[in-house]
Amino acid sequence: MAVVAQSHYTFGVRTGVANNLCYLDEQTVVFPCGNNLVRYNIDQKWQKLIPGSEKSQGMFAMALSPNRRYMAVSERAEKGTITVYDMHHEQSRRRKVLTGGDLPVGEFVSLAFSPDSKFLIGQSGAPDWTLFFWMWEKQHVLATVKTTTLPNSVYQISFSPHDNTLICVSGNGVFKQYRYTEGALKQCNSTKFEAQNFMAHTWMSEERVIAGTDMGRLLVFESGDLRWEINASSKTSYEADRQETDPSEEDAAQTPSMPCIAAITAYSKGFACSAGHGTVCLFEKTEEKDQYRKTREIKIPPDPYAVEPSQAQAQEITTLCISPSEEGLSACTDRGQLYNITLASTEINKSEQAHFEFLSHSFHSKAITGLSICIRKPLIATCSLDHSVRIWNYETNVLELYKEFQEEAYSVALHPSGLFILVGFTDKLRLMNLLIDDIRVFKELTVRGSRECAFSHGGHMFAAANGNVIHIYSTTTFDNLLNLKGHNGKVRSLVWSMDDNRLVSCGMDGAVYEWNTQTAKRESESVLKSCSYNSVAISSDGKNIFAVGSDHTLKEIQDCQIMKEMLAEDAVYTAVTMTRSGRTIFTGTSTGTIRAIKYPIPVQKEWTEYQAHSSAINKMLVTFDDQYLLTVSQDGCLLVWKIIDKEGRGLKRDKDVSYAEEILITKSDLEEKNQIMTELKTRVEELKMENEYQLRLKDMNYNEKIKELSEKFMHEIEALKTRNQVLKTDMEKQEWSHQETMTDVNEKFAKEQQDFESTSNQKLMLEYEKYHELQLKCQRMQEDYEQQLQTKERSKQKALQELTRSYEMKQQDRQQVLTQCQEDARQQLREFEETKTQIEEDGDQEIQCIRIKYEKILQEERDINLCLKGETGIMKKKLSSLQREIDERSMDIDKHKVDMQKQQAVTRSLEKDIHTLKKEIMERDETIQDKEKRIYELKKKNQELEKFKFVLDYKIKELKKQIEPRENDIKEMKEQILEMETELDKFHKKNTQLELNNSELKLKVKVTDRELHKEMRRVKDVESLVHSFKRELHHCVLFIQEPRKLKDSIRELYEHYVQQSDVVEIVGADKDIEREYCRQREHLERNVASLKKKLAKDADVHRTESNKIMSENVSLITEINDLRRELRMLRTQIHDYECQATITKRSKPKSLTDSKCHSEKGGMEGSSSLLRNSKLRASFEGLIPRLNLEEEECLALRTPTSNTKLPALAT
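What you are looking at is a predicted structure, and each value in this text was computed from that prediction instead of being measured. (Residues numbered from 1 in each chain as written. Predicted model: local features only at pLDDT ≥ 70, side-chain atom pairs only at ≥ 80, totals over all residues. Heavy atoms only, no water.)

Draft legend 1. Fine view of a positive patch on the surface. Together, K1002, K1006, R1010, K1014, R1017 and K1020 give the surface a local cluster of positive charge. As for its placement among the helices and strands, K1014 is situated in helix 4 (residues 891–1037). (Patch = residues over 30% accessible without salt bridge, like charges linked within 9 Å, V, L, I, M, F, W, Y side chains within 5 Å. Areas by Shrake-Rupley, 256 points an atom, 1.4 Å probe, with all protein chains shown as cover. Salt bridge = Lys/Arg side-chain N within 4 Å of Asp/Glu carboxyl O. Lys, Arg positive; Asp, Glu negative; His and termini not counted. Charge placed at Lys NZ, Arg CZ, Asp CG, Glu CD. Helix = DSSP H or I, 4+ residues; strand = E, 2+ residues; numbered from the N terminus.)

Draft legend 2. Molecular detail of the state of the cysteines. The final tally for this structure, using the stated rule, is zero disulfides. This cysteine, C273, is not joined by any disulfide, and C281 carries the nearest cysteine sulfur, 5.3 Å off. (Disulfide = S-S within 2.5 Å.)

Draft legend 3. Unusual backbone geometry, seen in detail. With an omega of 0°, the peptide bond running from A126 to P127 counts as cis. Within the element layout of this structure, P127 appears in the loop between strand 11 (119–124) and strand 12 (130–135). Residue P600 is bonded to the preceding Y599 through a cis peptide linkage, with omega at 5°. Within the secondary structure, P600 is located in the loop between strand 54 (593–598) and strand 55 (608–611). Here K45, not a glycine, exhibits a phi torsion of approximately 65°, which is positive. Checked against the element boundaries, K45 lands in the loop between strand 4 (36–41) and strand 5 (47–51). On the basis of relative accessible area, K45 is assigned to the partly exposed category, the value being 42%. Phi at E326 is positive, roughly 60°, even though this residue is not glycine. By the element assignment, E326 lies in the loop between strand 27 (317–322) and strand 28 (328–333). Judged by its relative accessible area of 29%, E326 falls in the partly exposed class. (Buried < 20%, exposed > 50% of the residue type's maximum accessible area, 1.4 Å probe, protein only.)

Draft legend 4. Region of the structure containing the packing of aromatic side chains. This model, assessed by the stated rule, comprises 27 aromatic pairs. With a centroid separation of 6.2 Å and an interplanar angle of 85°, the aromatic rings of F113 and W136 are classed as edge-to-face. Here F113, found in strand 10 (residues 108–113), pairs with W136, found in the loop between strand 12 and strand 13 (140–146); they are 23 residues apart in sequence, far enough to count as distant. Ring geometry for Y305 and Y402: centres 5.8 Å apart, planes at 55°, overall tilted. Residue Y305 is located in the loop between strand 26 (292–299) and strand 27, and its partner Y402 is located in strand 35 (residues 398–404); the two are separated by 97 residues in the primary sequence. (Phe/Tyr/Trp six-rings, centres within 6.5 Å; stacked < 30°, edge-to-face > 60°.)

Draft legend 5. Just the pairing of strand 19 (residues 208–213), in detail. Of all six residues in strand 19, six are buried, a share of seventy percent or more. Neither face of strand 19 is open: one carries R208, I210 and G212, the other V209, A211 and T213, and all of them are buried. Sheet analysis places strand 18 (residues 198–203) next to strand 19, joined by five bridges and oriented antiparallel. For H201, the partnering residue across the bridge sits in strand 19 and is A211. (Pairing = 2+ DSSP bridges.)

Draft legend 6. A look at the side chain of S65. Note on placement: S65 falls in the loop between strand 6 (59–64) and strand 7 (70–76). Since its relative accessible area comes to 2%, S65 is described here as buried. A polar contact is formed between the side chain of S65 and the backbone nitrogen of R69, at a distance of 3.3 Å. Contacts of S65, omitting those with residues within four sequence positions, involve Y70, F113 and S117. (Polar contact = N/O pair within 3.5 Å; in protein donor to acceptor, adjacent residues only side chain to side chain. Contact = heavy atoms within 4.5 Å.)

Draft legend 7. Highlighting the sheet that holds strand 30 (residues 354–355). Strands sit in the order 23-24-25-26-30 across an open sheet of five strands; the sheet is mixed. Every other strand in the sheet has two partners, leaving strand 23 (264–266) and strand 30 as the edge strands with one partner each. By the bridge criterion, seven bridges tie strand 25 (residues 279–285) to strand 26 in an arrangement that is antiparallel. Bridge pairing links T279 to K299 in strand 26.

Draft legend 8. Up close: the pattern of salt bridges. If you walk through the whole model with that rule in mind, you get 31 salt bridges. A salt bridge links R440 to D438; its shortest N-O distance comes to 3.6 Å. Its relative accessible area of 32% is what places R440 among the partly exposed residues. R595 is the partner of E609 in a salt bridge, and the nearest nitrogen-oxygen pair spans 3.3 Å. Of this pair, E609 sits in strand 55 while R595 sits in strand 54; the two residues are 14 residues apart in sequence, bridging distant segments of the chain. If you follow the salt bridges from partner to partner, you end up with E407, D427, K428, R430 and E444 in one network.

Draft legend 9. Local environment of the pairing of strand 39 (residues 439–445). Bridging between strand 38 (residues 429–434) and strand 39 involves six bridges; their strand directions are antiparallel. Considered in strand 39, the bridge of L431 is made with K443. Remark: four residues form the turn of the hairpin made by strand 38 and strand 39, two consecutive strands paired antiparallel.

Draft legend 10. How the structure looks around the nonpolar core. If you look at the biggest cluster of nonpolar residues, it comprises 46 residues, and the most contacted ones within it are F31, I380, F586 and I594. Broken down by element, this core gets its largest block of residues, five residues, from strand 58 (residues 638–645). The contacts of F31, once residues within four sequence positions are left out, are G12, V13, N20, L21, N36, L37, V38, Y40 and L338. Formed by 21 residues, the second largest nonpolar core is a distinct cluster that contains V109, I157, V169 and I852. (Core = buried A, V, L, I, M, F, W, Y, C linked by side-chain atoms within 4.5 Å.)

As structure tokens, then:
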């Protein structure tokens, strides 16, 4: 069964990718990790990986479309490519792959989508620095332009958010704006300014761009011209045109304090930009001349686990992105860390310093050098050149522990228990405890620069490589048990066997040694000086060794000999591991890919390759339960892969693994935490008392204030009541006047409405009369056309006969001409296809030119609209001033105007109703005209359809003649099939019922057998007990003349044979027997009733089907004969059992004469046995007539109708 590795989770971010953090939606971000794109959900903490393209040498830039559906990724393979992914698809499938065409492009350093997501621009790198403009869905390059020359460079390109044709390009000494016109990119801005290093830029409006420099300046451009400049460290802005100071002097003054602005992003209130080490500044618009003011600073917090906590604040922020709802701000740094903050929290706590939080976890910022796992816990240990050691959990996908040291860590090994860790530093080898919240050193060994270390599977020993020597230490005593010497070069890999008796090592000297850890001797060796080995693995049975090295091969070594080799085509194998089940070998390459190879190693080059990391893989391991594959690389990323089969199921585990949950904690830490807990509890109690006292005081104060306020409100309520009464009287007067005016208006409206209805009715009557006349004309025309069609069809048939004769003669003559014409037509088709392709290309170019022209016209119309809006604003201001003057002069006129406005509103509503009615009339007129046109068109179609109808009717008649006999046959066959199916269903039902009855009878017989055997055993036990009791009674009779001894002996007999528990058990057993008898009787009665009902229902059915069930009758009668035989056997057994019961009855009076106690005990047991026998007999007597009845009914139903004879029933 083939094994597949599926990407499960990643820990790390790839730096050096332009725009390497984007928001897909409010909860999902996208960032690169290794050679993959990661979709990470911030709330639910899940990941989905999108693998990079094959033979990719790394990613260089990313871009998300404005509609957040498409993601463009720049990669380098044989040449620079851009892959566009559809992020709305479940598996983020590839839509298109873009290249530079014939131009030599190494990589694309920056990408951007147009506002409508239809166009894409890409900036190629050195030395050409060419800007490409694609219509990406058609993979068509519309235009190219060279943006700069060496030594200058371009960092960012972008589209205007409101214009598909306007592009901005910024970089070192470069700030240009291009517009796509007439099939080419032409530079817009022509003003010259001081050359600066522009690190990033963003669009604020249609024409405004803000660009940041490495000197901490924010330059504001409008229409490509510099307007003003903002200092990132100050809060005020100043215009560049008004500066009178010398710019060179100002630069000299600001250089030491100015931060580098490496990232800028815009949002609705303003923009956010990075301002030096670990800080982000928020700028918002001011009301004065569209300037910007710094409102907030957000900083990266210090790292408490680092040696120098302030080092985290020295990171450079390279990418900023804001969520779609502008609630969250995320950042990526040059050390591969992701941070996040909610902007709402910064606005609430403006008095406090705002700090970022980790988006997921703290990641490694440099190459990972060590990887290890344990058995008892789902932990992964990694160490890196960033001086840190981290403990990850691959079940919960969480960073458990993290600590930074002063020295670089080269190797790491986890103890099988998961409680200790061994780390090799430059100066020493340190054994440390994994505490609940810390990694603490408790033993240091003088092993310098250990590049490899490993615990044994039992955990009692560990091995560490120092140069070309391997040291083995005891974990308990820390004694140096063995020193393994033999390698001439540095040891690169160590692996323990499963029984810890052997250790396999490989080195740069081309040697693979297998050491005996008991005697320190080499058991086997394989030396190949032309190869420098990188990694080694051993099979679970310890027989085979797998090694990879610089010679591009995977070697299988057994008994000092290389058994098999597999060449890697274009990469060097850097790591190797094998699953515990021995099915698959996983190898890591220098290009960062993973290969899964079946075991045994095939003869041909067969493997499955996965895109994993962006650089060489350093280490790889398979977990002890064969569920996960772990890989680390020089790119600082840790990838967790799920090992599954091709059907998507995980590999079967030999044993269910239950992980330990124990943790280590020091006594001092425990005592400190307990003290803090007690102090906090006392503090909480004190605060409760203080709060209660303060609440009481506040209640007193609030009660007094409530009384004062209630009195004030009562006075105000009374004043409002009087005022309300006055207003009511005024309102009643106004209502009377309003009603009078409304009655006048309603009367006018009613008159107008009646006039309008009368006129509209007259028009409608005229239209209806016209419609009826047209219908009559249509009918006449149809009759005429039908007569003409009949005459034409007759003439047509005659003409067809004559034409067929003439054309048959001509056909033979023109066949030769047709062959020549066909050859000419083929040549013309080829010419037509060539012209067609040329016309399509010319058409696309013309469409683009026309589109650009119309866009220019639209822009001009928008400018005209803006001018008109300004003029209307001035006119509105004049009107408002005039209205104010009129209001001041005449207050009385205003009151009348209010009344007039109310009346005007009523009249407007009435006018609207009139207008709507007029519209309806117009629409109805139009519909009538459309219907007339439609009638004319339908008549034409009707004529054509009638022609086709005649031909089709003739064909239908012929086909019906052919179909009718076949349909009759099919109907007859279907009826036969249905009858057969009904008969089969009935037979199946009968069979199932009879099988159920037989199974019930067999079960009852088995139950009776078991009960008979139990009774037989009980009778034997009773007989043995009676025999022993008689024997002991005989001994007691010897003491007849000695009454005391006789009394004592009888008492001993009573105590020996009669107990209270026996009496209780006998009574309980009788009750249980009665219950069981009642239950069985009820069950049998129910079965009899159900069987009678079933027989009554099936009686009529069985009569009609008797001939077909003869074969079944034979088998059933034989089964009944077998049952009768079994019944005879049972009767004989019951007879024997009754005889035995009578024997026990006869023994009863004899025992009574001997002793009273013995008679009581024997009587109880005898009566219980008689009861049981009588009950069993009654149950069997009830079964026999039931079986006889069933036989009689079966015979009555299944009497043979033919002359065939049935076998005789056995009696």
